[in-house]
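Architecture and fold: a report
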Amino acid sequence: MRLDALGRMSCNPAVGGLGKGHMVREVDALGGLMGLVTDAAGIQFRMLNKTKGPAVWAPRAQVDGKTYTAELRRRLEEAPNLALVEGIVDSIEANAGRVSGVTLADGRRLKGDAVIVTTGTFLRGLMHTGEHRTEGGRVGEPAATGLSDALQALGLKLGRLKTGTPPRVHRDSVRYDVLDMQPGDDPPVPFSFLTNELSRQQVPCWITYTNEQTHERIRANLHRAPLFSGQIQSVGPRYCPSIEDKVVRFADKPRHQVFLEPEGRDNERVYCNGISTSLPRDVQEGMVHSIRGLEDARILQYGYAVEYDFVPTHQIAPSLETRAVDGLFLAGQINGTSGYEEAAGQGIVAGINAASRLRGSDPLILGRDQAYIGVMIDDLITRPPVEPYRMFTSRAEYRLQLRIDNADHRMTPIGRQIGLVGDDRWSQFERKRRDMERLQAIVNGISHAGRPLREHLRGPSFGPADLARILADRHSDGFLPDVVEAVALNGKYEGYLARQQREIERFRRMEDMVIPPDVNLADLVGLRREARESFARACPRTLGQASRISGISPSDITTLWILLTARQRPNNAASRGSD
């Protein structure tokens with residue numbers, strides 16, 4: 001609704017995390033901006049889960065929120081063929097079931113044969129701080145009220161979700177001497193495959209904890225908490241609960257971790273990550289001041305919860321196009337997700353598919369074996385969220401294949417084929433691919449300590465750094481660290497990857513069995529009534545999608561496979577019936 005709010009971070013000014021960092025890498029490899037902007041605005045970079053296997057390594061960056069917004073807007077304003085229009089969309093125009101444009105609140109009309117709706121938490125947004133309620137999508141910005149009615153007028157059903165944010169305190173009022181410092185990695189690892197290095201000084205974050213005094217203040221005021229008083233009716237995120245929810249659900253825990261994260265290099269605001277709350281202001285004051293290091297903290301912004309409308313995802317196709325209106329696409333929190341990264345992954349796919357529709361080409365449907373973005377969208381379609389959806393590495397069954405180091409090998413050829421990847425990114429990708437092939441040939445051809453080097457790669461204690469040391473001793477032509485890492489990890493998991501590839505081939509055989517669009521799953525005789533209702537609601541495109549719908553059993557899938565197979569061989573089925 002405001003140009004100066006482009007890229008504004010409503011919650012924590014941070015990008016990445018478990019599963020989320022993978023999606024940012026995928027967006028970058030497809031040709032998107034998020035990784036590049038994060039690298040430009042980052043003030044601290046950390047690789048999470050380094051003590052675990054590489055499949056679950058995940059980059060995360062604390063960023064300067066103002067720099068992020070400015071850098072994103074600059075890149076958008078420089079993008080060719082892109083016009084930025086400030087205004088509030090009041091209605092969506094459609095004729096004969098096909099979108100034709102939007103009308104703004106001031107009466108202006110923008111024509112278009114494709115429209116993408118990305119509303120965040122603004123659809124009839126209602127903010128709660130204790131008993132105090134305010135209409136708005138986030139602090140200082142109004143709610144979008146007319147658009148909900150417009151979506152319903154098009155035949156879309158709406159639901160209601162809730163998320164929240166913690167207090168922010170003044171950086172100069174924090175007692176850092178009693179806190180645990182959390183520094184960034186040295187050297188820091190960039191998000192974008194186009195960023196060669198990050199040379200700027202990093203800013204530390206700090207760790208503290210709630211305590212029994214904190215919890216007692218919260219318990220004594222639960223009757224004033226909108227989440228427990230009945231003032232909030234919507235469902236909040238299970239994996240990022242409010243502090244009052246944590247105190248109730250985990251009553252046996254004596255403390256909860258709080259990360260104090262700067263909102264910018266020169267920003268006076270510190271984000272109190274871990275105590276998201278909608279408690280009244282006076283309770284927040286006592287709660288914050290009971291925490292070690294925050295005894296004298298000055299609160300600059302109180303925490304609040306926000307309720308907002310969303311569109312339950314049984315109403316969208318895997319392309320993110322609505323089933324009710326051709327050419328209308330939805331992305332982000334309107335589809336029931338939470339987080340910047342989930343929104344970015346959907347956003348780039350919706351953008352690609354809106355353009356593909358206008359060009360008359362097939363939509364981009366990423367599989368679960370291709371990308372975390374594919375896992376997320378498939379989850380949304382087959383298991384419509386009843387709470388804000390958040391990505392984790394555990395959601396991906398093929399996560400050995402979906403590592404952060406190979407996101408470019410998975411996504412960049414796709415981005416090049418559809419026209420998103422420019423010559424510079426493509427030439428760099430091709431150079432990396434050639435270097436990996438050359439390094440793999442070297443690894444296959446030499447021995448170390450009496451054994452083939454290839455066997456050493458599989459050892460539990462042998463990693464990319466060990467391979468780099470051996471190469472430095474034997475070869476003068478050095479390889480870039482990302483090339484060495486990719487070859488080392490491919491070698492370490494060679495056997496597992498081969499086995500997982502066989503599983504993927506079996507999965508694809510089922511996944512590729514298309515359910516013809518003229519088959520009315522609700523009327524198929526032989527299926528349980530519950531299965532017919534679930535299929536009719538989710539409208540799966542393939543047998544694989546059908547198998548992942550909540551409440552569907554293996555026997556339902558076997559029955560559906562038999563019915564579809566028999567339908568493909570009507571003559572044989574008829575002759576068997578007559579026999």
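Overview of the structure. (Residues numbered from 1 in each chain as written. Predicted model: local features only at pLDDT ≥ 70, side-chain atom pairs only at ≥ 80, totals over all residues. Heavy atoms only, no water.)

**Quick word on the pairing of strand 13 (residues 205-209)**
The buried count for strand 13 comes to four of five residues, which makes it a mostly enclosed element. Pairing of strand 12 (residues 180-182) with strand 13, which is carried by three bridges, proceeds in the antiparallel orientation. In the sheet register, Asp-180 faces strand 13, and the bridge partner there is Ile-207. Relative to strand 14 (residues 257-262), strand 13 is paired through four bridges, and the arrangement is antiparallel. Looking across to strand 14, one finds that Trp-206 is bridged to Leu-260. (Buried < 20%, exposed > 50% of the residue type's maximum accessible area, 1.4 Å probe, protein only. Helix = DSSP H or I, 4+ residues; strand = E, 2+ residues; numbered from the N terminus. Pairing = 2+ DSSP bridges.)

**Some remarks on the pairing of strand 8 (residues 126-129)**
Of the two faces of strand 8, the one lined by Leu-126 and His-128 and the one lined by Met-127 and Thr-129 are each fully buried. Pairing between strand 8 and strand 9 (residues 132-135): four bridges, direction antiparallel. Paired with Leu-126 across the two strands is Glu-135, which belongs to strand 9. Where strand 8 folds back on strand 9, the antiparallel hairpin that results is connected by two residues, among which Gly-130 adopts a positive phi of roughly 60°. Across three bridges, strand 8 lies against strand 17 (residues 304-310) in antiparallel orientation. Each bridged residue has a counterpart across the sheet, and for Leu-126 the counterpart in strand 17 is Glu-307.

**What about the nonpolar core?**
Ranked by internal contacts, the top residues of the largest apolar core, which has 63 residues, are Tyr-68, Ile-92 and Ile-373. Ranked by residues supplied to this core, first place goes to helix 10 (residues 372-382) with seven residues. In contact with Ile-92, other than residues within four places in its own chain, are Val-99, Gly-101, Val-102, Val-117, Leu-147, Ala-150, Leu-151, Leu-154 and Leu-328. Judged by nonpolar contacts, the second largest core, of 24 residues, contains Leu-260, Ile-275, Leu-279 and Val-288. (Core = buried A, V, L, I, M, F, W, Y, C linked by side-chain atoms within 4.5 Å. Contact = heavy atoms within 4.5 Å.)

**Overview of helix 16 (residues 494-511)**
For an α-helix, the turn length of 3.6 residues means that residues three or four places apart are oriented alike. Taking 1.5 Å of rise per residue, the 18 residues of helix 16 would be expected to cover 26 Å, and the 25 Å separating its terminal C-alpha atoms lies within 8% of that figure. The complete set of buried residues in helix 16 reads Leu-497, Gln-500, Ile-504, Phe-507 and Glu-511. The arc that holds the buried residues of helix 16, viewed along the axis, is 75°, so those residues lie on one side. Along helix 16, exposed side chains directed more than 90 degrees from the buried face belong to Arg-502 and Arg-509. Buried residues along helix 16 sit against helix 15 (481-492) and helix 18 (543-547). (Expected span 1.5 Å × (residues − 1). Arc of directions from axis to C-beta.)

**What about a positive patch on the surface?**
Taken together, the side chains of Arg-499, Arg-502, Arg-506 and Arg-509 make up a positively charged region of the molecular surface. Along the polypeptide, Arg-506 turns up in helix 16. (Patch = residues over 30% accessible without salt bridge, like charges linked within 9 Å, V, L, I, M, F, W, Y side chains within 5 Å. Areas by Shrake-Rupley, 256 points an atom, 1.4 Å probe, with all protein chains shown as cover. Salt bridge = Lys/Arg side-chain N within 4 Å of Asp/Glu carboxyl O. Lys, Arg positive; Asp, Glu negative; His and termini not counted. Charge placed at Lys NZ, Arg CZ, Asp CG, Glu CD.)

**Brief notes about the packing of helix 5 (residues 212-219) against helix 8 (residues 281-289)**
Closest axis-to-axis distance for the helix 5/helix 8 pair is 8 Å, and the angle between their directions is 165°. Taken together, the axes of helix 5 and helix 8 are roughly antiparallel relative to one another. Like other packed secondary-structure pairs, helix 5 and helix 8 cross with a definite hand, here right-handed. Residue-level inspection shows Thr-214, Arg-217 and Ile-218 of helix 5 in contact with helix 8, the latter providing Val-283, Gly-286 and Met-287. Tallied by class, residues from the contact of helix 5 with helix 8 come to three nonpolar, two polar and one charged. (Axes fitted to C-alpha atoms, helices over the stretch in contact; angles between N-to-C directions. Parallel < 35°, antiparallel > 145°, perpendicular 65-115°, else oblique. Left-handed = near helix turned anticlockwise from the far one by under 90°. Nonpolar A, V, L, I, M, F, W, Y, C, P; charged D, E, K, R; others polar.)

**Examining the sheet that holds strand 6 (residues 109-111)**
As a general point, the strands of a sheet are linked pairwise by backbone hydrogen bonds and lie either parallel or antiparallel. As summarised here, the arrangement of the three strands in space is 4-5-6, forming an open sheet in which the pairing is antiparallel. Both outer strands of the open sheet, strand 4 (89-95) and strand 6, are each paired with one neighbouring strand and no more. If you compare each strand with its neighbour and ignore which way they point, the axes differ by 25° on average. Relative to strand 6, strand 5 (residues 98-104) runs antiparallel, the two sharing three bridges. Paired with Gly-101 across the strands is Lys-111, a residue of strand 6.

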